[in-house]
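Residue-level structure breakdown
Each chain is listed here by its residues.
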Amino acid sequence: SGGPDHLKAGMEILEKVLDGRLPYIVSPPSTCAFDAAKDEGEDGSDGDSDWQVDDDYESEKEDAEYTKKVAEGDLLGVFGEERHGPGSGSIKSRKKQTKLFKKREAEKAEEALDAGPHPRE
C-alpha cells in the first residue's frame, strides 16, 4: 500500500530515544497499587511469599582467574571478551593494530637474540 510504514517509523523513533537523540519522559502514575494495598492494611506477603527461595542453593566456587579479573575491573575479560576502543573495527585501525603487533613481535625476537648466549670472541 502507499501509506506510511508505521512499524518502520516506530522503530526509528525508538532507536532515536534509546540513542538519546530524542527526549522521552514518562510521568509516574498518580497512585501506586503497592501504596493502595498498604493503605488497606495488607503487607503484600502471605505464607507462600518465599516460594522462590531454595534452601539447598550453593553458589559456584570462584576460580582465581575470575576473582583477579573482577578485582582489576575487567568485566569484559570475565566473559571472555577483549576490550575494544572506539574505531577498533575499522579497516585502518585493524591495519594499524596488525602493524603494531608485528613490530612488537620483531622487538621480542630481537631481544631474545640479544639476551641469548654469546660466544667469546
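These numbers come from a predicted model, not from an experiment. (Residues numbered from 1 in each chain as written. Predicted model: local features only at pLDDT ≥ 70, side-chain atom pairs only at ≥ 80, totals over all residues. Heavy atoms only, no water.)

Bringing the overall build of the chain into the picture now. On a plain count of helices and strands, the chain comes out with five helices and zero strands. Its helices and strands in sequence order give the chain the pattern α-α-α-α-α, from N to C terminus. Expressed as a percentage of its 121 residues, the buried residues of the chain come to 3%. Looking at the chain as shown, the accessible area adds up to about 12,300 Å², and 54% of this sits on carbon and sulfur atoms. (Helix = DSSP H or I, 4+ residues; strand = E, 2+ residues; numbered from the N terminus. Buried < 20%, exposed > 50% of the residue type's maximum accessible area, 1.4 Å probe, protein only. Areas by Shrake-Rupley, 256 points an atom, 1.4 Å probe, with all protein chains shown as cover.)

All right, on to a positive patch on the surface then. Positive charge collects at one region of the surface, where K99, K103, R104 and K108 lie side by side. Mapped onto the secondary structure, K108 falls in helix α5 (residues 91-115). Judged by its relative accessible area of 53%, K108 is exposed. (Patch = residues over 30% accessible without salt bridge, like charges linked within 9 Å, V, L, I, M, F, W, Y side chains within 5 Å. Salt bridge = Lys/Arg side-chain N within 4 Å of Asp/Glu carboxyl O. Lys, Arg positive; Asp, Glu negative; His and termini not counted. Charge placed at Lys NZ, Arg CZ, Asp CG, Glu CD.)

This part covers helix α1 (residues 6-19). With 14 residues, α1 should reach 20 Å at 1.5 Å per residue; the first-to-last C-alpha distance of 20 Å fits that figure. Capping the start of α1 is the job of one residue whose side-chain oxygen sits 3.4 Å from the backbone nitrogen of L7: D5. Residue G20 follows α1 closely and has a positive phi angle near 85 degrees. (Expected span 1.5 Å × (residues − 1). Polar contact = N/O pair within 3.5 Å; in protein donor to acceptor, adjacent residues only side chain to side chain.)

Because the α-helix completes a turn every 3.6 residues, residues three or four places apart line up on one side. The element helix α3 (residues 64-72) is largely exposed, with a buried count of zero among its nine residues. In the stretch just after α3, G73 is the one whose phi turns positive, near 80 degrees.

Before going further, it helps to examine a negative patch on the surface. A grouping of E107, E110, E111 and D114 is seen on the molecular surface, where their side chains present a negatively charged patch. Following the sequence through the fold, E111 ends up in helix α5.

Under the defined criterion, the tally for this structure stands at two salt bridges. Across the pair K16 and E12 runs a salt bridge, and its minimum N-O distance is 3.7 Å. Taken as a pair, K16 and E12 lie in helix α1 at a separation of four residues, close to a single helical turn. With relative accessibility at 43%, the residue E12 sits in the partly exposed group. The closest approach of N and O atoms between R21 and D19, which form a salt bridge, is 3.3 Å.

Further remarks concern a nonpolar patch on the surface. Together, L7, M11, L14 and L18 line one region of the surface with nonpolar side chains, adding up to about 460 Å² of accessible area. Assignment of secondary structure puts M11 in helix α1.

Turning next to the confidence of the model for the chain. In the predicted model, the chain carries a mean pLDDT of 76, and the fraction of residues at 70 or more is 65%. For the chain, the element scoring lowest by mean pLDDT is helix α2 (residues 33-39), at 60; α1 scores highest, at 91. (pLDDT = per-residue confidence, 0-100.)

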